[in-house]
There are 2 protein chains.
Amino acid sequence: MSDNQVTPPSLSETDAPLERRRRTGGRGAERSRKSLGGSKYLNLVNSIEKTKVVDEETIEAIHQASLTVLEEIGMDVILPEARSLMKAAGAKVTPGTDRVRFDRGLIMEMIASTPSGFTMHARNPVRNVQIGGNNLVFAQIASAPFVADRDGGRRAGNQEDYRKLVKLAQSYDIIHTTGGYPVEPVDIHASVRHLDCLSDMVKLTDKVFHAYSLGKQRNLDALEIARIGRGITAEQLEQEPSLFTIINTSSPLRLDGPMLQGIMEMSARNQVVVVTPFTLAGAMAPVTIAGALVQQNAEALSGIAFTQMVRRGAPVMYGGFTSNVDMKTGAPAFGTPEYMKAVIAGGQLARRYGIPYRTSNTNASNTLDAQAAYESALSLWALTQGGGNFIMHAAGWSEGGLTASFEKFILDVDMLQMVAEFLKPLDVSADALGLDAIRDVGPGGHFFGTAHTLARYETAFYAPILSDWRNFETWTEAGRPTTYDHANRIFKEKLNEYERPPLDPAIEEELDAFVARRKIEGGVPTDF
Amino acid sequence: MSDNQVTPPSLSETDAPLERRRRTGGRGAERSRKSLGGSKYLNLVNSIEKTKVVDEETIEAIHQASLTVLEEIGMDVILPEARSLMKAAGAKVTPGTDRVRFDRGLIMEMIASTPSGFTMHARNPVRNVQIGGNNLVFAQIASAPFVADRDGGRRAGNQEDYRKLVKLAQSYDIIHTTGGYPVEPVDIHASVRHLDCLSDMVKLTDKVFHAYSLGKQRNLDALEIARIGRGITAEQLEQEPSLFTIINTSSPLRLDGPMLQGIMEMSARNQVVVVTPFTLAGAMAPVTIAGALVQQNAEALSGIAFTQMVRRGAPVMYGGFTSNVDMKTGAPAFGTPEYMKAVIAGGQLARRYGIPYRTSNTNASNTLDAQAAYESALSLWALTQGGGNFIMHAAGWSEGGLTASFEKFILDVDMLQMVAEFLKPLDVSADALGLDAIRDVGPGGHFFGTAHTLARYETAFYAPILSDWRNFETWTEAGRPTTYDHANRIFKEKLNEYERPPLDPAIEEELDAFVARRKIEGGVPTDF
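This structure is a prediction, so every number in the text was calculated from the model and none was measured.

A. Molecular detail of the overall build of chain A. Counting secondary structure elements, chain A contains 19 helices and 21 strands. Sorting the 528 residues of chain A into buried and exposed places 66% on the buried side. Sequence separation of 24 or more characterises 77% of the internal contacts of chain A that already satisfy a separation of 6 or more. Here chain A displays about 17,500 Å² of accessible surface, and carbon together with sulfur accounts for 51% of that area. For chain A, the distance from the average site of its 54 positive side-chain charges to the average site of its 63 negative ones is 3 Å.

B. Layout of the packing of helix 7 (residues 216-230) of chain B against helix 9 (residues 257-268) of chain B. Residues and elements named next belong to chain B. Two numbers describe how helix 7 lies on helix 9: the axes approach to 9 Å, and their chain directions differ by 30 degrees. With respect to helix 9, the element helix 7 is oriented roughly parallel. At the point where helix 7 passes helix 9, the crossing takes the right-handed sense. On helix 9, the residues touching Lys216, Asn219, Leu220 and Leu223 of helix 7 are Gln261, Gly262, Glu265 and Met266. Among the residues making up the contact of helix 7 with helix 9, the classes are represented as three nonpolar, three polar and two charged.

C. Structural detail: the interface of chain A and chain B. Across the boundary between the two partners, chain A contributes 108 residues, which contact 108 residues of chain B. Contact between chain A and chain B buries roughly 9,100 Å² in total, counting both sides, with carbon and sulfur atoms accounting for 72%. For the pair chain A and chain B, the number of links is four salt bridges. Notably, a salt bridge pairs Glu473 of chain B with Arg154 of chain A, separated by 3.7 Å at the nearest N-O pair.

D. Representation of the packing of helix 13 (residues 406-423) of chain A against helix 18 (residues 483-497) of chain A in the model. All names here are of chain A. Axis separation between helix 13 and helix 18 bottoms out at 8 Å; the angle between their running directions is 100 degrees. Judged by the angle between their axes, helix 13 and helix 18 are roughly perpendicular. On the side of helix 13, the interface is formed by Phe406, Glu407, Ile410 and Leu411, while helix 18 contributes Thr483, Tyr484, Ala487, Asn488, Ile490 and Phe491.

E. Quick peek at the relation of the copies chain A and chain B. Its rotation angle being 180 degrees, the transformation that places chain A on chain B also includes 0.0 Å of axial translation and leaves an RMSD of 0.0 Å. Look at the turn and shift together and you get a two-fold axis relating the two. Within chain A, Ala370 of chain A has its C-alpha nearest the rotation axis, a separation of 2.1 Å.

F. Inspection of the side chain of Glu338 of chain A at higher detail. Structurally, Glu338 of chain A is set in helix 11 (residues 337-353). Apart from residues no more than four positions distant in its own chain, Glu338 of chain A is found in contact with Ile289 and Asn324 of chain A together with Ala460, Phe461 and Tyr462 of chain B.

G. Seen up close, the sheet that holds strand 20 (residues 397-398) of chain A. The four strands are arranged 9-8-21-20 (chain A) in an open sheet whose pairing can be described as mixed. At either end of the open sheet lies a strand with only one pairing partner, and these are strand 9 (153-156) and strand 20 of chain A.

H. Representation of the confidence of the model for chain A. All names here are of chain A. Averaged over all residues, the pLDDT of chain A equals 93, while 92% of them reach at least 70. Low pLDDT, under 50, characterises residues 1-34; the predicted model gives this stretch 54 contacts beyond four residues in sequence or across chains. The ipTM for the predicted assembly is 0.93, set against a pTM of 0.93.

I. Structural view of the pattern of salt bridges. All names here are of chain B. With the rule as written, the count across this model stands at 76 salt bridges over all chains. The salt bridge partner of Lys164 is Glu160, with a shortest N-O separation of 3.6 Å. Pair noted here: Lys164 and Glu160 are both in helix 5 (residues 159-171), with a separation of four residues, about one helical turn. Look at Lys164 and you get partly exposed, because its relative accessible area is 28%. For Glu160, a relative accessible area of 55% translates into the label exposed.

J. Representation of the pairing of strand 11 (residues 243-248) of chain A within the structure. Residues and elements named next belong to chain A. Burial analysis of strand 11 places five of its six residues in the buried class, which makes it a mostly covered element. In terms of strand pairing, strand 11 meets strand 13 (residues 272-276) through five bridges, oriented parallel. Looking at the pairing, Ile247 lines up with Val275 of strand 13.

K. Just helix 10 (residues 289-310) of chain A, in detail. Its 22 residues place the ends of helix 10 of chain A 31 Å apart at the C-alpha level, agreeing with the 32 Å of an ideal helix rising 1.5 Å per residue. Burial runs high along helix 10 of chain A: 22 of the 22 residues are buried.

Here is what the cut-offs are and how they apply
Residues numbered from 1 in each chain as written. Chains lettered and ligands numbered in written order. Predicted model: local features only at pLDDT ≥ 70, side-chain atom pairs only at ≥ 80, totals over all residues. Heavy atoms only, no water. Helix = DSSP H or I, 4+ residues; strand = E, 2+ residues; numbered from the N terminus. Buried < 20%, exposed > 50% of the residue type's maximum accessible area, 1.4 Å probe, protein only. Contact = heavy atoms within 4.5 Å. Areas by Shrake-Rupley, 256 points an atom, 1.4 Å probe, with all protein chains shown as cover. Lys, Arg positive; Asp, Glu negative; His and termini not counted. Charge placed at Lys NZ, Arg CZ, Asp CG, Glu CD. Axes fitted to C-alpha atoms, helices over the stretch in contact; angles between N-to-C directions. Parallel < 35°, antiparallel > 145°, perpendicular 65-115°, else oblique. Left-handed = near helix turned anticlockwise from the far one by under 90°. Nonpolar A, V, L, I, M, F, W, Y, C, P; charged D, E, K, R; others polar. Buried area = accessible area lost by both parts, 1.4 Å probe. Salt bridge = Lys/Arg side-chain N within 4 Å of Asp/Glu carboxyl O. Least-squares fit on C-alpha atoms with pLDDT ≥ 70 in both. Pairing = 2+ DSSP bridges. pLDDT = per-residue confidence, 0-100. Expected span 1.5 Å × (residues − 1).

Shown next as structure tokens:
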């Protein structure tokens, strides 16, 4: 196991004792809880019965085939320390190579120790998110190299847009966590980018955030920033998972060094690891969805098992990202019927293991057109019916993930809210059944203005952000705005209304001091 | 019961004896069957377990409340002959009024005689559609007053556009039937419009079509045109439902004369009646979705019961069209979270009675933007998961049904095909699980060009009509086309490729003679 290298800051680094800061944080949280009292979109629960696209026998066949892959073919594990840990746990490491093979029994023993659910703790407790079971959590887009809005066009990621997108994530309760850097701000040097970006996450939002697993030191810095942001000790952080990291396998069948290091640092400290193979059927995985699922499952199980080798009981999620490619061009396709089936089957597999399920809201459109909407809507259909617990890229994903779109973010927020409203149980009280109202109105009347209607009309239905329901004439007089026009207007309005969530000045000071110190130390080494 | 007033044409009206025509029809059908051998989209089956939004007790509560409505409040039945039939069947008619009340027992006795499924017969047997069970049938948009494409803008319905839309319905196998007049061709005089329109249905398509219930004579003309089109006797037509009619109640709680006449003419001849209340919550129905469902159910059951009073065992569908209004403007809203819940609950109700379920693919957008796509996609989500059997307005519906859009038609066809592909069972054969392919490629390789991929790549994935998956640069060079651009191009290409389905010249001649005769007779009386 790796050592815990997080050094708690000495009291001299801040002007407030830790105890006071913790209490202050508590009061701040209380205030925030009150201000969010009316929110309908925290703590979403998806109680509908989950859809199946294959039967239990098939799930068992995929499961067994994936165990055969791990037993007979194995994974290439590109980190000596990880191979040592795996060997110590009972895996078969072929000497002089990266190849590691895992017996069925070993994998299943490790899977058995994963928790079926856990809480991710935000610096504002109201923003804590429950992972697993029927809980449904939406995370903003992560890791796009480009950013776009209609006014400024498509451009490389940068700090200004990064901050705007993080502010938007804070502005809507339906976005439960950020998902990573919504766009990669390449105007910040890579050696210190994570310091600036994560510091912004603490200051501009009060939600849970993500640590990139790009070398051990970045993980350690992220852990410290999360700890400071919450105003707690390293011990408490270890008791309360507060940070998550996405671990992508390098498909097919490879675990790269930084990813393995990420698991080692994060799982060792009881933080959340999300193991997600990126198995594009026909490219990095078999051209059949069933085959891609076998490979996805093998890769996911190997990574998940490794988290448990690092620390039994460490919180982990089963990630699915199987989609298909356009066989004419090799381009990845998203939000397709094949994607839908893979998402739902992935949910069946994750539930078979009792591990929370991560999936995504995807599309491949280059703009905010009907395609962007239908591919996303089909993704949402699948991930809702398939029982996704933690939804990455839930808002803002455009162009197959290459671009964070401001307008798409608003479109997605609207669609996510519609999903939440759909999942809200129908009021079926005697009063809602409305027999008296029907009696009062009688044949041939209408319900506008009745007491039953007046008592409810303001909150009866979801009021969408974007949908333009004006009649054709009024809409024409208004200049025939499209969804794209509305989204463009609204993201700017929302940015204008943005207010920073309360943050204890002592915490901010400690955070700034930490970032300044780490910058003076040179941040982290980079290859470029 | 009404008399069967269809007069079989005498042999002298055509140059071919009926027997020969029937055989010829048979051969023509055989030819068509062959030419459709490769179609994946005929006879769709939706085997996924249906989603529930309320529990069985709530369904029972809605059921009981709706029976109370029919027992205590009753319906206004605006046709003396219908009231007489209802009275004869045991309903309570209040003398001197239109009000009819129905005992619970009477309603349930009538519901018990409805068939749980049936076949609708097309003039090409390959196009027969199975209604009920897990079958899923898509019908084109019906009854829009306006028509639009991007080149010509929005305009009043007319014969030229009517014909184009009917040709498009014929061009895609995923459109199983037309749904009525896709647009109302107001340039044809109302007295003879049905003759021209239905004659076009026979000539331009070989699919099942719809008869408007706008007075007895129109129903009778439609029955005769359907009979001629299939080249069969009136007796055979009565054994084989070949025509359907949508019966909208006049919500709240009214059945109007033409609708009641439609049931009497169509059910008497064993043709298909689709009873669909239009219960907009907050307008013609209670503002609560539960209340709107109670009213929908009461109205639907009253109409369905009446079909069985006319003829026990007559084929009938339970129609649901509950949605909400925009409470700010009163404008109808579609494809909303509330619509989704109503669609799914409607399916639960229809299955409770064992009656095939009709619902719709809706949206309220004024153009082909993201809203058009997400509202439609949410509708498709609900109707698929909710077990819709017969989907009206499945393609082309725009602007809350006011406009038939050529581009939206193509968008919907693409989305319907995606639904069909989603419903196609996953291949989970040992070969599809792909263990050997995974073994061959091994860690770090790729699956492009492997034997497993090459054997499948051409048919592995759905190839969408509209989705533009080119990378940003290539797409930019191509002029940044949106889904709207692609749909605009494709509907015109498809119209250029259109070919009339084979039709026996003898049948065409008989049809023309019938239409000519009926026009000379003046068609039907009109009020204007």
